[in-house]
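# Examining the three-dimensional arrangement
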Protein chains: 2
Amino acid sequence: MNRGPGSPGEVDPAYPFDIDGALDPGRFPIDEWALEETEYSSEDLGTTETLFAVANGYLGLRGNVEEGRIAHTHGSFVNGFHETWSIQHAEDAFGFAKVGQTLVHVPDPKLIKLYVNDEPLLLSEADCEEYSRRLDFRTGTLERDLVWRTPSGVRLRVRSTRQVSFTERHLALMTFEVTMLEGVAPVTISSQLLNRQDGEDEYHVALAALGEGDDPRQAHALDHRVLLPRLSKMRGHRAYLGYRCAHSEMTLACAVEHQVEFKGDPRVNTEVDDDRSKTIIHTRMSPGQTLKVTKFAAFHSSRGVPADELADRCARTLDRSIKRGASGLADDQRDWLKDFWARSDVEVTGRPRTQQAVRWNLFQLAQATGRVEEHGVAAKGVTGDGYGGHYFWDTEIYVMPFCSYTNPRQARSLLRFRYMMLPKARERASELSQRGALFPWRTINGDEASAYYAAGTAQYHINADVVHAASQYLEATGDWDFLCREGAELAIETARLYADLGFYKPNGTKSFHIFGVTGPDEYTTVVNDNLFTNLMARFNLRRAAEAMEVIREADPVAYQRLQRVVGLRDEEIDEWHKAASAMFIPYDDVLAVHPQDDAFLDKEVWDLLDTPEEKRPLLLHYHPLVIYRHQVLKQADVVLAMFLQGEYFTQDEKRRNFEYYDPITTGDSSLSACVQSILAAEVGYAELALEYFKRALFVDLADLQGNTVDGVHVASTGGVWATLVQGFGGMRDTWGVLSFDPRLPADWDHLGFSLHRQGARLRVDLTQSEITLTLISGGPLQVRVVDQRVIVSGDAPTVVTLEDQGPVIRGRPPRLADIGVVPHVAHDVDIDDLHLPAT
Amino acid sequence: MNRGPGSPGEVDPAYPFDIDGALDPGRFPIDEWALEETEYSSEDLGTTETLFAVANGYLGLRGNVEEGRIAHTHGSFVNGFHETWSIQHAEDAFGFAKVGQTLVHVPDPKLIKLYVNDEPLLLSEADCEEYSRRLDFRTGTLERDLVWRTPSGVRLRVRSTRQVSFTERHLALMTFEVTMLEGVAPVTISSQLLNRQDGEDEYHVALAALGEGDDPRQAHALDHRVLLPRLSKMRGHRAYLGYRCAHSEMTLACAVEHQVEFKGDPRVNTEVDDDRSKTIIHTRMSPGQTLKVTKFAAFHSSRGVPADELADRCARTLDRSIKRGASGLADDQRDWLKDFWARSDVEVTGRPRTQQAVRWNLFQLAQATGRVEEHGVAAKGVTGDGYGGHYFWDTEIYVMPFCSYTNPRQARSLLRFRYMMLPKARERASELSQRGALFPWRTINGDEASAYYAAGTAQYHINADVVHAASQYLEATGDWDFLCREGAELAIETARLYADLGFYKPNGTKSFHIFGVTGPDEYTTVVNDNLFTNLMARFNLRRAAEAMEVIREADPVAYQRLQRVVGLRDEEIDEWHKAASAMFIPYDDVLAVHPQDDAFLDKEVWDLLDTPEEKRPLLLHYHPLVIYRHQVLKQADVVLAMFLQGEYFTQDEKRRNFEYYDPITTGDSSLSACVQSILAAEVGYAELALEYFKRALFVDLADLQGNTVDGVHVASTGGVWATLVQGFGGMRDTWGVLSFDPRLPADWDHLGFSLHRQGARLRVDLTQSEITLTLISGGPLQVRVVDQRVIVSGDAPTVVTLEDQGPVIRGRPPRLADIGVVPHVAHDVDIDDLHLPAT
């Protein structure tokens, strides 16, 4: 399954994508509500550790085997629990990011080792008669079931479960059950809570420390002891460990308690030291006997509360959880997920493998956002330490739409998480000589942590991304209170930044320009008038101005508060309107496309089809200067703008832009395929839309980027939802109107989903011939279907017949070479050949 | 004298520059042939250590006091003797420089401590009745003379001298002479050779290690023991130390021997350990008695020869030097410098302070290049470790012209130093996906060491700079043998790089463009069609093509050798001609100036006059993104192109370009003032030309950049020569014609200098009314003076009357604001004021 770096964006090679070959059905049987593995493999451990991770947005446990070894990367994470370090720049400059931030591996509660006749169960060597591992999307539980024949001939069934609770945010719950099938033998279970930060078996960290494979997408390796012991104690059978991070001074406590069920008298002994608590259960078992251990583990972290106070919180979590009991908690978990699926499920009827993959992706959204509350959603959620556990724009552009339309309460919390960063964003803007606020490109604690400004700090669009998410949340909810406070302050400070960053050209046209920024495409950096940035900044400026006018009109008290709290002035509103109206939107008359930036179309075109597979992704094989001077994209940029600001462009403009940029988009970023799918669907490239969708859908399940080991590509899971609902479902929500202009793939029978809208819940069912809109609660709602305005009321479903579903263009856009744009391939030079010709 | 960071480029503040105030005449008396200090000060130790350094291009000793303390930076250097280290990028990418290189401090031979009655002479505390320190430009010797009254009332005269020999390249020679004036006392001299790399008194290294003041212009601090002891031994009174660098594996040996002259029987004892040899001379002195110690120190280094073999070389150097004797060596030194001054002196008659400063600068050129041979000339020569001892384009553009016209043999060696780097430059080009060769922006060993590609690797003009220097050398010498071998190979590989780097735009004009490069101005990076780069690349392509045609015609054997050795093909010559002819040279019709790059004139103009002094230099106070998005220059770029490729531009074009760019040039680089002076002189801004000249002249003497502590700004010393000869003297050498179009400053009476030209030596004397050309040897020469062709023969001086000396424009170019270009100031935001208005 580990295919090495793939290329989901660019469609070749392997077109069409083989969905049946993506997951071996022999090993991963089709199940619409679970991901199941029926064969153990140590070949792709890192990938399956990610695919079978359990998490709730706050706490996450990778899918390591209970026995601990062998593992690619052990990993247990608490969202936002990080260490800081001083970024050393090889050549420093003013304003470069100074504070590195890295998600810390918290003590691992997953370890439950089994010894029979003192022989350890070790899956890589064990003789297993049966084996299955199953992540159930409805129970929210990872289950493993195997029958082990030990070297001495004893046979046992070993069943285990693992869940991170959605209802008890700080709780992980595990069970481990051994049933003797044949033979009599002494059985020992060693259940641990292990801080392995400095341990020798931390393969991943050791590798990183070697400085080998400097993949910028991996976490920074810390070279000091991070977790300083502050607490290690026993109270009854309950063990506590507490720590403080050496530099960030964040604190953590964890506690673990076991329940043992056995008809007999097992010896149970627990010991604890600074880095480990170990509970040993020992007994002798005969056929028919079952030994079951239930393990409750609680984690609390803080920016500074002493570890012993956090230990008290762990105690309360454990008290409550133990009182509720494992089975009660499992019920709660099921109920929580039942509600989640009712709000969030997307049905793709009659295509079970697709349905399974869709639900795996949606389940990852639950695991990334379920109890995230006022934290961000990291690039990998809490399933891995890729990108150091940092929050990017992924949250706002890729995850927030899902939240706003299925779980607006969570969407509000995510926006508050950004709002809480405003003071630091103000400081950062000032450091960069600008007014207003500038959000960090990547961060955990609010400080800019991007060590490479060209593909980091220069992405000034982050501000507008935040406002776009807030605006979408407001469309979905109409949350006036949020608008007047957090929303308004965010809009004001971000608009101030753009108004100050841009400038009017002193020419007749008085156009407004933004120079020296990087758009979403990181294969082109620090450019002038990046279309995406200009469009999003215009949106931000307008949205801020309009919101202030609405508030001034409707709620003078709120307006006065803004004048007082953030110094809002009436003139600013006019200034924002003026800048928005004058915003320069570049257009190329000859090619009839919108340039990605003012110089983009002047560059040489990189011919991707002549670039060998082993040179992908480009960023690992070419110097940035080589990449930057060509027309080649890491990810959708103009095309993303055509989606996020689509209301300002004609269908024809969108199509031409898509046709121009699609052939030069590598998709070396996992954020690209879903966007390319949505636009392809809208402009009519139906087959291509499906191709990109599949690549987004399987980015982790088939490890298409080659780095699923580092954690789930959470943005892509959000993108899968968007592709289904906004791409195929054709949903848009602009200027206060919820609309549908569907694009159901030709061989799909039915797509169903539901949406939250201004307090109502709307069910959408789409077939090849009609769309059915059903109010589940609230309403009525005014909705547009294609060009038709319909009212959906609670009385009965509204059925709208669809004559067709948009234009259909067969195949794919032509290569640029075929439309007269000359391509160029950055080449490799064999200097021996070149300089010493044969004599 | 330490004025903090100044701003030589931008004329305000302090216009006109106060040449009399630049050096306090009370402390630094005017002397046309020496820099003398008559008062000791510990206030500006770092600066005077640099100003009084002695060096020969190979070996350099900073002007530390003999007693060792107190010092700002101890420093003894062997050109090219460096340690390597692995560059850690905060965020790595393919092709980023990997091997850091840092000039190593070699064991310090300068230490000669004096104790009288066991009381140490310590200048910072000593009661000195007389004091003077004098660096004599004709003897090449640093002399100190003082009378010390010790705390116990004894009076002594202490005289010392220090020289680095120009005739014995590996030798440093010191004398230390104590004469008892009053009192009788025991006197001890402790003369040492001290490897202080890990010593506590290495203030500078310790400071850097703290990571404070991350000034990218300072050397990288190494955190490991660099010099691993390989040898430490005594043979008679001669002590040897030998080392190997931990990572670079370069080797070094040094040896020291003393001669003691005293009428009496002093005890002399020498001991040696791994890091120190110490010779103690002890005696009792009475009034009238003189004790004199002569110290010979030899240094040899290598890329790998074992230290004991290098020790043998030291032995031979010492044997020969001791045989010649201190006084013989002093004679040799004087003779060598007599020849140097005959070739290199520039006379500014009747302006003694200016003359003194000019000679100090020229003397620095002797110290940087005298015996450099096939090493490069580092940014600081061998007078400090600023910029890590790296070689930049400084060698080719700022130092080579001086060498080519005064010491062509040395110029040839410097070109061979680049030629020896060709294999690594080929590898680097390949790594950057290009054909041909790409020289590193900064290096010692040939590997790119620039850790910040935007202001390093992206400066692709380095290739053409090398070819420009080679071409100038060829004009000056007509060295056919060099042209056919090293010169041709350099031209071919560099032309290949540009032919491959650039591309033809697929439009009607078929113009040739170079994208994604940085020009000389590091306040604007990674741009398209940088005028300087395009012009210099065009020059390189043409020069290569023409040279190949000449060789093909005149020396078929040499041509065939090039075909064989570097695979030269006839078609390439056509390709280079074609690319050169099609090279895009941007021009702006509206402003009637040449844009620095295709986007430069679209940016906002940075208003330097509204930028407070404490925000200078900009690079230490603004994020690169802020600087990059404005029209503001670190150093001359278009203006430098107008000088180096001046034959392609009209006087009017040059003036307009100068007028546009000069007001937005900060001069934050010391490479700028001389270039601005030359162009100002040419286009008629005579006063301004003189201002910039003074700033270049005093950049170190008045510490105008605030970092003279890190070593001499060698490029600026070359720029002083160029300003005198090419700026005021108006010398050019293009298309085979040596020409003069003088611009003598209005209040100067006479400027005299001599030039080497195709084997002849030409003396030039310029007054306000005429120019006199005298052949010293060789000739006859055809020369152009203004528009007049004259033949200079050996018969008699040729006198040409000058009607005037070019146009004269009073004052300075107007601010851009005054010609309608709207300036903008990057501002600081007091976030408290802004966000919390007074209630």
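Residues numbered from 1 in each chain as written. Chains lettered and ligands numbered in written order. Predicted model: local features only at pLDDT ≥ 70, side-chain atom pairs only at ≥ 80, totals over all residues. Heavy atoms only, no water.

### Quick notes on the relation of the copies chain A and chain B
Superposing chain A onto chain B requires a rotation of 180 degrees together with a translation of 0.1 Å along the rotation axis, leaving an RMSD of 0.1 Å. On this basis, the relationship between the two copies can be described by a two-fold rotation axis. Across chain A, the rotation axis passes nearest the C-alpha of His89 of chain A, at a separation of 3.1 Å. By residue overlap, the copies meet face to face through one surface: 100% of the interface positions of chain A are interface positions in chain B. (Least-squares fit on C-alpha atoms with pLDDT ≥ 70 in both. Contact = heavy atoms within 4.5 Å.)

### As for the sheet that holds strand β4 (residues 76–78) of chain A
Residue and element names in this part refer to chain A. Strand order in the open sheet formed by three strands is β2-β3-β4, and the pairing between neighbours is antiparallel. Edge positions in the sheet fall to β2 (54–55) and β4, since each has one partner strand and no second. As paired strands, β2 and strand β3 (residues 59–61) are joined by two bridges and run antiparallel to one another. In the strand pairing of β3, Val54 is matched with Leu61. (Pairing = 2+ DSSP bridges. Helix = DSSP H or I, 4+ residues; strand = E, 2+ residues; numbered from the N terminus.)

### Focus on the interface of chain A and chain B
Each partner contributes residues to the interface: chain A has 71 residues there, and chain B has 71 residues. Taken together, the two surfaces of chain A and chain B that pack against each other cover about 5,800 Å², and 60% of this comes from carbon and sulfur. In this structure, the salt-bridge partner of Lys505 of chain B is Asp602 of chain A, at a minimum N-O distance of 3.7 Å. When residues of the side of chain A that touches chain B are traced back to their parent elements, those giving at least two are α8 (422–431), α10 (480–501), α12 (556–566), α14 (624–628) and α20 (831–835) of chain A. (Buried area = accessible area lost by both parts, 1.4 Å probe. Salt bridge = Lys/Arg side-chain N within 4 Å of Asp/Glu carboxyl O.)

### Describing the sheet that holds strand β30 (residues 781–785) of chain A
Residue and element names in this part refer to chain A. Read from one edge of the open sheet, four strands run β25-β26-β30-β31, paired in mixed fashion. Taken across any chain shown, the strands that pair with only one partner, and hence form the sheet edges, are β25 (731–734) and β31 (788–792). Strand-to-strand twist in this sheet, taken as the mean axis angle between neighbours without regard to direction, amounts to 30 degrees. Both strand β26 (residues 737–740) and β30 contribute to a ladder of three bridges, which runs parallel. Within β30, the position partnered with Leu738 by the bridge is Val783. (Axes fitted to C-alpha atoms, helices over the stretch in contact; angles between N-to-C directions.)

### Topic: the confidence of the model for chain A
Residue and element names in this part refer to chain A. Per-residue confidence for chain A averages 92 on the pLDDT scale, and 93% of its residues sit at or above 70. Of the regions scoring below 50 in pLDDT, residues 1–11 engages in 59 contacts with residues more than four places distant in sequence or in other chains. Low pLDDT, under 50, characterises residues 200–213; the stretch is placed with 15 contacts to residues that sit more than four places away or in other chains. Interface confidence in the predicted complex, given as ipTM, is 0.91; pTM for the same model is 0.93. (pLDDT = per-residue confidence, 0-100.)

### Side note on the side chain of Asp668 of chain A
Residues and elements named next belong to chain A. With respect to the secondary-structure elements, Asp668 resides in the loop between α16 (651–661) and α17 (673–683). Although Asp668 is buried, it forms no salt bridge, and the closest oppositely charged side chain is Arg616 at an N-O distance of 4.0 Å. Here Leu618 takes part through its backbone nitrogen, which lies 2.9 Å from a polar atom of the side chain of Asp668. In contact with Asp668, not counting residues within four places along its chain, are Tyr523, Arg616, Pro617, Leu618, Leu619, Lys634 and Gln705. (Buried < 20%, exposed > 50% of the residue type's maximum accessible area, 1.4 Å probe, protein only. Lys, Arg positive; Asp, Glu negative; His and termini not counted. Polar contact = N/O pair within 3.5 Å; in protein donor to acceptor, adjacent residues only side chain to side chain.)

### With respect to the packing of aromatic side chains
A full pass over the atoms with the stated rule returns 60 aromatic pairs over all chains. Aromatic side chains Phe402 of chain B and Trp721 of chain B sit 5.8 Å apart centroid to centroid with 80 degrees between the ring planes, which places their arrangement in the edge-to-face category. Taken together, the residues Phe402 of chain B in helix α6 (residues 394–406) and Trp721 of chain B in helix α19 (residues 714–728) connect sequence positions 319 residues apart. A connected cluster of aromatic rings, assembled from ring pairs, spans Trp33, Phe166, Trp336, Phe340, Trp341, Phe402, Tyr405 and Trp721 of chain A. One residue, Arg538 of chain B, lies across the ring of Tyr648 of chain B, its end atom 4.6 Å from the ring centre. (Phe/Tyr/Trp six-rings, centres within 6.5 Å; stacked < 30°, edge-to-face > 60°. Lys NZ or Arg CZ within 6 Å of the ring centre and 35° of its normal.)

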